[in-house]
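Fold and contact review
As a plain string of letters, each chain reads:
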Amino acid sequence: MAVGVTMADVTTLFLVGDRFAPFATLPSVRTVSQFVADVRGGVHQPGEHLVLAEGQGLTAFQWDRVRFELERAGLAESTRIVESDRGPLCGQAETHKHREHNVLIAGLERLGDTRYRAALRLHGDQELLLDHQASHVQGMVVLEAARQMFLAVGERFYADGAHYAYTLGSMESSFQAFLYPLDTEITCEVLTADVSDPEQLDFDVRIDFEQAGLPVASVRMRCSAFRSAVLAHKEHRGAERATRYLLRRLPQLAAAE
């Protein structure tokens, strides 16, 4: 902030991706497209002091667009951009996602023997956001983020380089507040980890979401990690059983028609 400029002289806005337009009805929140339209329409004048804070759904390409518009309007020198430091995204091998925009976990780190922390990262084209959007982030995104958080913890800190496939035994969730497209902290507590058999690792974990200092959601999962060949064998046997059962029923179904 420039010398002599007080907070009363500064306009602070959260910028979010266009996918989160329903959230950008608050006066302190704008989508990228809304902000660009404001700049082009003269809402912000040269010399005005702006602080632009990053919400969810922005990419480096979109920040470049914002900077270009600020420069062209003569606002660059009096604008401070605060990009979120979520840390590096977890990779494909850790989240088991093939498309970068579907990865929800960033900045994963170990806090202690059984406790881990990461940041939620939402891309505007994340698969669960494409067909439904409200002013808050839907609960299914939270559940998917919890699943990816466990996968990333398991792959990075327990798999020891071996190839495992992961299955859910149970998932229990509770929601305390709405989640908005802003910075969110995710913590994972490994309550129990049975790693005595390298062919099958069993876990009981609790994953908590916190935003703006408040608890948002908690997810309890009991999960297993099987050596890939072991799970492939189990899946093949299950597929054969299901197919045999349904094939036996086909003549009955055809006769009933």
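These numbers come from a predicted model, not from an experiment.

For the rest of this paragraph, the subject is the side chain of Asn-102. Among the secondary structure elements, Asn-102 is positioned in the loop between helix H3 (92-95) and strand E5 (105-110). Other than its neighbours up to four places away in sequence, Asn-102 contacts Lys-97, Asp-125, Gln-126, Glu-127 and Gln-148.

Glancing now at helix H2 (residues 60-72). In this model, H2 (13 residues) spans 18 Å end to end at C-alpha, consistent with the 18 Å of a helix rising 1.5 Å per residue. Among all positions of H2, only Gln-62, Trp-63, Val-66, Glu-69 and Leu-70 are buried. Buried residues of H2 fall within an arc of 125° about the axis and therefore sit on the same side. Those residues of H2 that are exposed and angled more than 90 degrees off the buried face are Ala-60, Phe-61, Glu-71 and Arg-72.

Across the sheet, 6 strands lie side by side as E5-E6-E8-E9-E10-E7; this open sheet has antiparallel pairing. Looking at which strands have only one partner, the edges of the open sheet turn out to be E5 and strand E7 (164-175). With strand direction ignored, the average angle separating the axes of adjacent strands in the sheet is 20°. Looking at chain direction, strand E8 (residues 185-197) and strand E9 (residues 200-211) are connected through 10 bridges and run antiparallel. Bridge pairing links Asp-197 to Gln-200 in E9.

Of all hydrophobic cores here, the largest spans 46 residues; its most connected members are Met-149, Ile-207 and Phe-209. Residue assignment for this core shows that the elements contributing at least two residues are E5, strand E6 (115-120), helix H4 (139-157), E7, E8, E9 and strand E10 (214-227). Per-element accounting of this core gives the leading share, 10 residues, to H4. Formed by 13 residues, the second largest nonpolar core is a distinct cluster that contains Leu-15, Phe-35, Val-66 and Leu-70.

Further remarks concern the packing of aromatic side chains. Inspection of every chain in the model, using the stated rule, returns 6 aromatic pairs. Taken together, a centroid distance of 4.7 Å and an interplanar angle of 35° make the contact between Tyr-116 and Phe-157 tilted. Here Tyr-116 is found in strand E6, whereas its partner Phe-157 is found in helix H4, with 41 residues between them in sequence. Taking the centre distance of 5.1 Å and the plane angle of 75° together, the rings of Tyr-158 and Phe-203 count as edge-to-face. Note that Tyr-158 is positioned in the loop between H4 and E7 and Phe-203 in strand E9, a separation of 45 residues in sequence. For Tyr-158, a relative accessible area of 19% puts it in the buried group. Since its relative accessible area comes to 4%, Phe-203 is described here as buried. These aromatic residues form a ring-pair network of at least three members: Phe-150, Tyr-158, Tyr-166 and Phe-203.

Here is what the cut-offs are and how they apply
Residues numbered from 1 in each chain as written. Predicted model: local features only at pLDDT ≥ 70, side-chain atom pairs only at ≥ 80, totals over all residues. Heavy atoms only, no water. Helix = DSSP H or I, 4+ residues; strand = E, 2+ residues; numbered from the N terminus. Contact = heavy atoms within 4.5 Å. Expected span 1.5 Å × (residues − 1). Buried < 20%, exposed > 50% of the residue type's maximum accessible area, 1.4 Å probe, protein only. Arc of directions from axis to C-beta. Pairing = 2+ DSSP bridges. Axes fitted to C-alpha atoms, helices over the stretch in contact; angles between N-to-C directions. Core = buried A, V, L, I, M, F, W, Y, C linked by side-chain atoms within 4.5 Å. Phe/Tyr/Trp six-rings, centres within 6.5 Å; stacked < 30°, edge-to-face > 60°.

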